[in-house]
Amino acid sequence: MYQFYWYSKCSTCQKAKKQLELKNISYETCDLIQNTPSVDQFEKWMKQGDFEMKKFFNTSGIKYRELGLKDRVPNFTIKEAAKMLASDGMLVKRPLVLKEDHVVQIGYNKEKYEDL
(Lines give C-alpha, C1' and ligand atoms only; values in the text may rest on other atoms or scores of the structure.)
Protein backbone atom coordinates (compact mmCIF):
# COMPACT_ATOMS: atom_id res chain seq x y z
CA MET A 1 0.00 0.00 0.00
CA TYR A 2 1.12 3.51 -0.78
CA GLN A 3 1.24 6.47 1.61
CA PHE A 4 0.02 9.70 0.09
CA TYR A 5 1.16 12.83 1.94
CA TRP A 6 -0.96 15.74 0.80
CA TYR A 7 -2.69 19.01 1.62
CA SER A 8 -6.40 18.65 0.85
CA LYS A 9 -6.82 22.25 -0.34
CA CYS A 10 -4.03 21.86 -2.90
CA SER A 11 -5.35 21.43 -6.45
CA THR A 12 -2.19 19.60 -7.50
CA CYS A 13 -2.69 17.09 -4.69
CA GLN A 14 -6.31 16.62 -5.73
CA LYS A 15 -5.23 15.84 -9.30
CA ALA A 16 -2.66 13.34 -8.06
CA LYS A 17 -5.19 11.69 -5.75
CA LYS A 18 -7.64 11.37 -8.60
CA GLN A 19 -4.94 9.73 -10.73
CA LEU A 20 -4.28 7.14 -8.00
CA GLU A 21 -7.99 6.41 -7.78
CA LEU A 22 -8.29 6.03 -11.57
CA LYS A 23 -5.49 3.47 -11.46
CA ASN A 24 -7.16 1.63 -8.54
CA ILE A 25 -4.05 2.08 -6.40
CA SER A 26 -4.58 1.47 -2.68
CA TYR A 27 -3.23 4.27 -0.54
CA GLU A 28 -3.45 5.83 2.87
CA THR A 29 -3.68 9.61 3.08
CA CYS A 30 -1.55 11.59 5.50
CA ASP A 31 -2.19 15.31 5.95
CA LEU A 32 1.12 17.17 5.56
CA ILE A 33 -0.14 20.12 7.60
CA GLN A 34 -1.78 18.30 10.51
CA ASN A 35 0.73 15.42 10.62
CA THR A 36 3.97 16.79 9.23
CA PRO A 37 6.59 14.03 9.00
CA SER A 38 9.34 14.09 11.61
CA VAL A 39 12.93 15.23 11.22
CA ASP A 40 14.01 11.57 11.29
CA GLN A 41 11.57 10.66 8.52
CA PHE A 42 12.76 13.47 6.26
CA GLU A 43 16.39 12.55 6.93
CA LYS A 44 15.74 8.93 6.04
CA TRP A 45 13.92 9.86 2.83
CA MET A 46 16.65 12.27 1.72
CA LYS A 47 19.36 9.71 2.43
CA GLN A 48 17.61 7.22 0.14
CA GLY A 49 19.13 9.33 -2.62
CA ASP A 50 16.35 9.05 -5.20
CA PHE A 51 15.57 12.77 -5.00
CA GLU A 52 17.86 15.71 -4.37
CA MET A 53 17.24 17.63 -1.17
CA LYS A 54 15.80 20.69 -2.90
CA LYS A 55 13.01 18.55 -4.46
CA PHE A 56 11.47 18.11 -1.00
CA PHE A 57 10.85 21.87 -0.72
CA ASN A 58 7.80 23.68 -2.05
CA THR A 59 9.92 26.25 -3.86
CA SER A 60 6.89 28.10 -5.19
CA GLY A 61 5.28 28.42 -1.77
CA ILE A 62 4.72 31.61 0.19
CA LYS A 63 6.53 30.27 3.30
CA TYR A 64 9.56 29.35 1.21
CA ARG A 65 9.80 32.92 -0.08
CA GLU A 66 9.02 34.53 3.29
CA LEU A 67 11.88 32.62 4.91
CA GLY A 68 14.28 33.45 2.09
CA LEU A 69 15.07 29.79 1.54
CA LYS A 70 16.09 30.16 -2.10
CA ASP A 71 19.63 31.10 -1.13
CA ARG A 72 19.77 29.02 2.06
CA VAL A 73 18.60 25.55 0.95
CA PRO A 74 21.60 24.84 -1.33
CA ASN A 75 23.89 25.19 1.71
CA PHE A 76 21.79 23.07 4.10
CA THR A 77 22.99 19.77 5.44
CA ILE A 78 20.45 16.96 5.32
CA LYS A 79 19.84 17.49 9.05
CA GLU A 80 19.18 21.23 8.59
CA ALA A 81 16.84 20.59 5.66
CA ALA A 82 14.97 17.90 7.58
CA LYS A 83 14.50 20.23 10.58
CA MET A 84 13.20 23.01 8.34
CA LEU A 85 10.76 20.72 6.51
CA ALA A 86 9.49 19.12 9.73
CA SER A 87 8.85 22.57 11.22
CA ASP A 88 6.09 23.45 8.74
CA GLY A 89 4.21 21.19 6.33
CA MET A 90 3.63 24.13 3.98
CA LEU A 91 7.35 24.04 3.15
CA VAL A 92 7.05 20.51 1.78
CA LYS A 93 6.61 19.87 -1.95
CA ARG A 94 3.37 18.02 -2.34
CA PRO A 95 2.17 15.44 -2.73
CA LEU A 96 4.72 12.95 -1.49
CA VAL A 97 4.05 9.34 -2.47
CA LEU A 98 5.75 6.52 -0.60
CA LYS A 99 5.74 2.77 -0.92
CA GLU A 100 7.11 0.75 1.97
CA ASP A 101 8.53 3.94 3.51
CA HIS A 102 10.47 4.72 0.33
CA VAL A 103 9.74 7.95 -1.56
CA VAL A 104 8.64 7.09 -5.09
CA GLN A 105 7.22 10.46 -6.19
CA ILE A 106 7.46 14.11 -5.14
CA GLY A 107 4.99 16.54 -6.65
CA TYR A 108 2.65 15.67 -9.47
CA ASN A 109 3.56 14.77 -13.00
CA LYS A 110 0.86 12.71 -14.74
CA GLU A 111 3.37 10.68 -16.73
CA LYS A 112 5.26 9.71 -13.58
CA TYR A 113 2.03 8.55 -11.97
CA GLU A 114 1.48 6.20 -14.90
CA ASP A 115 4.53 4.24 -13.67
CA LEU A 116 3.17 3.62 -10.17
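For the structure itself, look to the data block above.
Residues numbered from 1 in each chain as written. Predicted model: local features only at pLDDT ≥ 70, side-chain atom pairs only at ≥ 80, totals over all residues. Heavy atoms only, no water.

### Considerations on the packing of helix 2 (residues 39–47) against helix 5 (residues 78–87)
Worth spelling out the cut-off: Helix axes use the C-alpha atoms of the stretch in contact, all axes being lines fitted to C-alpha atoms, and the angles between their N-to-C directions lie in the range 0 to 180 degrees. Strands are runs of DSSP state E lasting at least 2 residues, helices are runs of H or I lasting at least 4, and numbering of each runs from the N terminus. Each angle is binned into one of four classes, with values under 35 degrees roughly parallel, values over 145 roughly antiparallel, values of 65 to 115 roughly perpendicular, and all other values oblique. Take the far helix as the reference: if the near one is turned anticlockwise from it by less than a right angle, the crossing is left-handed, and if turned clockwise, right-handed. Whether two residues are in contact is decided by their heavy atoms: any pair within 4.5 Å suffices. Polar here means any residue other than Ala, Val, Leu, Ile, Met, Phe, Trp, Tyr, Cys and Pro, which are nonpolar, and Asp, Glu, Lys and Arg, which are charged; Gly is therefore polar.
Remark: helix 2 packs on helix 5, axes separated minimally by 8 Å, with the N-to-C direction vectors making an angle of 130 degrees. One finds that helix 2 runs oblique with respect to helix 5. Viewed along their axes, helix 2 and helix 5 form a crossing whose handedness is right-handed. Between helix 2 and helix 5, the contacting residues are Val39, Phe42, Glu43, Met46 and Lys47 on the first element and Ile78, Lys79, Ala81, Ala82, Lys83, Leu85 and Ala86 on the second. Taken together, the residues of the contact of helix 2 with helix 5 sort by class into 8 nonpolar, no polar and 4 charged.

### Topic: the pairing of strand 4 (residues 102–106)
Filter applied, for reference: Pairing between strands is defined by DSSP: at least two bridges between the two strands are required.
The pairing of strand 3 (residues 96–99) with strand 4 spans 4 bridges and is classified as antiparallel. Residue pairing for strand 4: Val97 is matched across the bridge by Gln105. With antiparallel pairing between neighbouring strands as the criterion, strand 3 and strand 4 make up a hairpin whose turn holds 2 residues, including Glu100 at a positive phi of roughly 55 degrees.

Without other data, these values stay purely geometric and don't point to any function.
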